[in-house]
Amino acid sequence: MQKFVGTGVALVTPFNSDNTVDFESLRNLVEFNISNGINYLVINGTTGESATITSEEKNEIIKVVAEVTNKRVPLVLGVGGNNTATVVHELQTRDLSEIDAILSVAPYYSKPTQEGFYQHFKAVSEASPIPVILYNVPGRTSKNMEPSTTIRLANDFENVIAVKEAGNNVQQYLELIKNKPEDFLIISGDDDLALTVTLAGASGVISVIGQAYPKEFSTLIQLGLEGKNQEAYALHFRLMRIIDLIFAENNPAGIKTVLQELNITKDNVRLPLVKSSEQLQKEIASFVDNF
């Protein structure tokens, strides 16, 4: 599973002003990231506004990203939700021939018990023809999947290869790193903690800010994997402010503002999200101009 060690980026889905998918900008974003050293791409994750993407759009996004990538880096596809049967159906019916793994978010809103999490991901594992990366993000799902549940899944299902942990809790990361099976990957989903937990033994990050600063962020994580903490933290400190800014209001409006300032994509989002406030736009523009 070395292909998922390092820096993955959770790509935004660029939109035109009429709310259609901006495939030209998507192509540019993918090429920009590959050319600047990221290790793999995540498409149609929550940062990609997956809740507002139609099945037809998802098919076209996969097609376009696969064409541009041309197998230069692995692709991970977001396939998750709080209707287990629907997730299973997608895994059984969608063409995953261009995809290297799925990223499956813990069921949101329903607030399942730990046994509910286990049974949900058991069904996902059994339905998936490709490796599964679990995704724990309690700040969005409203319920934490505890380390013991993650480790139980890792031990019981061979194709459950990793967890994207985004609980913003260092102690939980350390418990996962301490107790995981040898070949199971702990991947940071928190840009602000990615270096810290990589130095502690995690396998890297699936990043939001990484798609705007792929060279710097992938270098930062590689230095962390090599244990070069002084050099890595020098880069981390340069990016600290923008990491705070992109999550100040909502994700992905913040990162889309950064990408617009960099002339890579526009900052359009789909409702119920709205663009960054005027004040946040000014703060982000100031950072980008002075980076």
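Up top is the structure.
All residue numbers refer to positions counted from 1 along the written sequence of the respective chain. Residues qualify for local features only when their pLDDT is at least 70, as the model is predicted, and side-chain atom pairs are given and counted only at 80 or more; totals for whole chains, interfaces and linings, by contrast, use all residues. Computation of side-chain values: all heavy atoms of the structure, hydrogens and water removed.

Strands are runs of DSSP state E lasting at least two residues, helices are runs of H or I lasting at least four, and both sets are numbered from the N terminus onward. For the protein, the count of helices and strands is twelve helices and eight strands. Put simply, the radius of gyration uses C-alpha atoms, and a globule should come to 2.2 Å times the residue count raised to 0.38. Taken over C-alpha atoms, the radius of gyration comes to 18 Å for the protein, in line with the 19 Å a tight globule of 291 residues would show. Oriented by its inertia axes, the alpha-carbon framework of the protein measures out at about 50 × 45 × 35 Å. Three labels apply to residues, based on accessible area from a 1.4 Å probe with only protein chains included: buried if under 20% of the type maximum, exposed if over 50%, partly exposed otherwise in between. Counting every position in the protein, which comprises 291 residues, the buried fraction comes to 56%.

Points on a 1 Å grid over protein atoms alone make up a cavity when a 1.4 Å probe fits among them but cannot get out, and a pocket when they form an open set with protein on both sides within 12 Å along at least five of seven lines; lining residues each have an atom within 4 Å of a point. Grid points are joined across faces, edges and corners, and a volume is the space filled by probe spheres set on the points. The volume enclosed by the largest pocket comes to roughly 800 Å³. The wall of the largest pocket is formed by 35 residues, among which T46, E49, S50, A51 and Y108 lie closest to the centre. Elements supplying a minimum of two residues to the lining of the largest pocket: α2 (55-69), α3 (84-93), β4 (101-105) and α5 (138-141). As a working rule, the residues Ala, Val, Leu, Ile, Met, Phe, Trp, Tyr, Cys and Pro are called nonpolar, Asp, Glu, Lys and Arg charged, and the rest polar, with Gly in that last group. Its residues placed into classes, the lining of the largest pocket shows 13 nonpolar, 16 polar and six charged. Of the pockets and cavities examined, the second largest pocket occupies roughly 380 Å³. If you go around the second largest pocket, you meet 22 residues; those closest to its centre are V137, A166, G189, D190 and F247. Listed by contribution, the elements that provide at least two residues to the lining of the second largest pocket are α5 and α10 (229-246). Split by residue class, the lining of the second largest pocket holds seven nonpolar, eight polar and seven charged.

Between rings of Phe, Tyr and Trp, where Trp is taken as its six-membered ring, a pair exists when centres lie within 6.5 Å; planes separated by under 30 degrees are stacked, by over 60 edge-to-face, and by other angles tilted. Under the criterion given, the structure shown has six aromatic pairs. Ring centres of Y118 and F157 lie 5.8 Å apart, and the angle between their planes is 45°; this geometry places the pair in the tilted category. Here the residue Y118 occupies a position in helix α4 (residues 114-127), and F157 occupies one in the loop between α6 (147-156) and β6 (160-165), the gap between them amounting to 39 residues. Each member of the pair, Y118 together with F157, is buried.

As a further point, take the packing of helix α9 (residues 214-225) against α10. As a rule, the C-alpha atoms of each element are fitted with a line to give its axis, helices using only the stretch in contact, and angles between N-to-C directions run from 0 to 180 degrees. Here α9 crosses α10 at 140°, and the two axes come no closer than 9 Å. The pairing of α9 with α10 is recorded here as oblique in orientation. Between α9 and α10 lies a crossing of left-handed hand. Across the interface between the two elements, E216, F217, T219, L220, L223 and G224 of α9 pack against E231, A232, L235, H236, L239 and I243 of α10. Here the residues of the contact of α9 with α10 are counted per class, giving seven nonpolar, three polar and two charged. We call two directions roughly parallel when the angle between them is under 35 degrees, roughly antiparallel when it is over 145, roughly perpendicular when it lies between 65 and 115, and oblique otherwise. Take the far helix as the reference: if the near one is turned anticlockwise from it by less than a right angle, the crossing is left-handed, and if turned clockwise, right-handed. In what follows, a contact means two residues having at least one pair of non-hydrogen atoms within 4.5 Å.

Relative to the elements of secondary structure, L11 occurs in the loop between β1 (6-10) and α1 (23-35). Overall, L11 belongs to the buried group, its relative accessible area being 2%. Considering only alpha carbons, one finds L11 and D183, 172 residues apart in sequence, at a separation of 26 Å. Setting aside chain neighbours within four positions, we find L11 in contact with L29, V30, N33, L41, V42, I43, T47, G48 and Q211.

This brings us to empty space enclosed by the protein. For the structure shown, the criterion picks out one cavity of 30 Å³ or more. Per-class residue counts for the lining of the largest cavity are six nonpolar, two polar and no charged.

So, on to α3. One full turn of an α-helix is made of 3.6 residues, so residues set three or four places apart face in the same direction. Those residues of α3 lying buried are V87, V88, E90 and L91. Viewed end-on, α3 has its buried residues packed into an arc of 160°, placing them on one side of the element. The outward face of α3, more than 90 degrees from its buried face, is lined by the exposed residues A85, Q92 and T93. Arc definition: directions from the helix axis to the C-beta atoms.

If a strand is regular, its side chains alternate between the two faces of the sheet. A two-sided burial pattern is seen for strand β3 (residues 75-78), the buried positions comprising L75 and L77 on one face and V76 and G78 on the other. Examined bridge by bridge, strand β2 (residues 40-43) and β3 share three bridges and lie parallel to one another. Within β3, the residue paired with L41 across the bridge is L75. By the criterion used throughout, a crossover qualifies as right-handed when its path from the first strand across the helix to the second strand runs clockwise, the strands pointing away from the viewer. Crossover connection from β2 via α2 to parallel β3: handedness right-handed. Strand pairing is defined by DSSP finding a minimum of two bridges between the two strands. Two elements, β3 and β4, share three bridges in a ladder whose sense is parallel. Among the inter-strand pairings, V76 is bridged to a residue of β4, identified as A101. Between the parallel elements β3 and β4, the chain passes through α3 in a crossover that is right-handed.

The set of buried Ala, Val, Leu, Ile, Met, Phe, Trp, Tyr and Cys residues whose side-chain atoms join them within 4.5 Å is what this entry labels a nonpolar core. Counting residues in each nonpolar core, the largest one holds 79 residues, and the members touching the most others are L41, I209, Y213, F217, I242 and V258. Sequence-distant contacts of I242, defined by excluding residues within four places in its chain, comprise I209, Y213, V258, I284 and F287. One finds V5, L103, V105 and V137 within the second-largest nonpolar core, a separate group that totals 18 residues.

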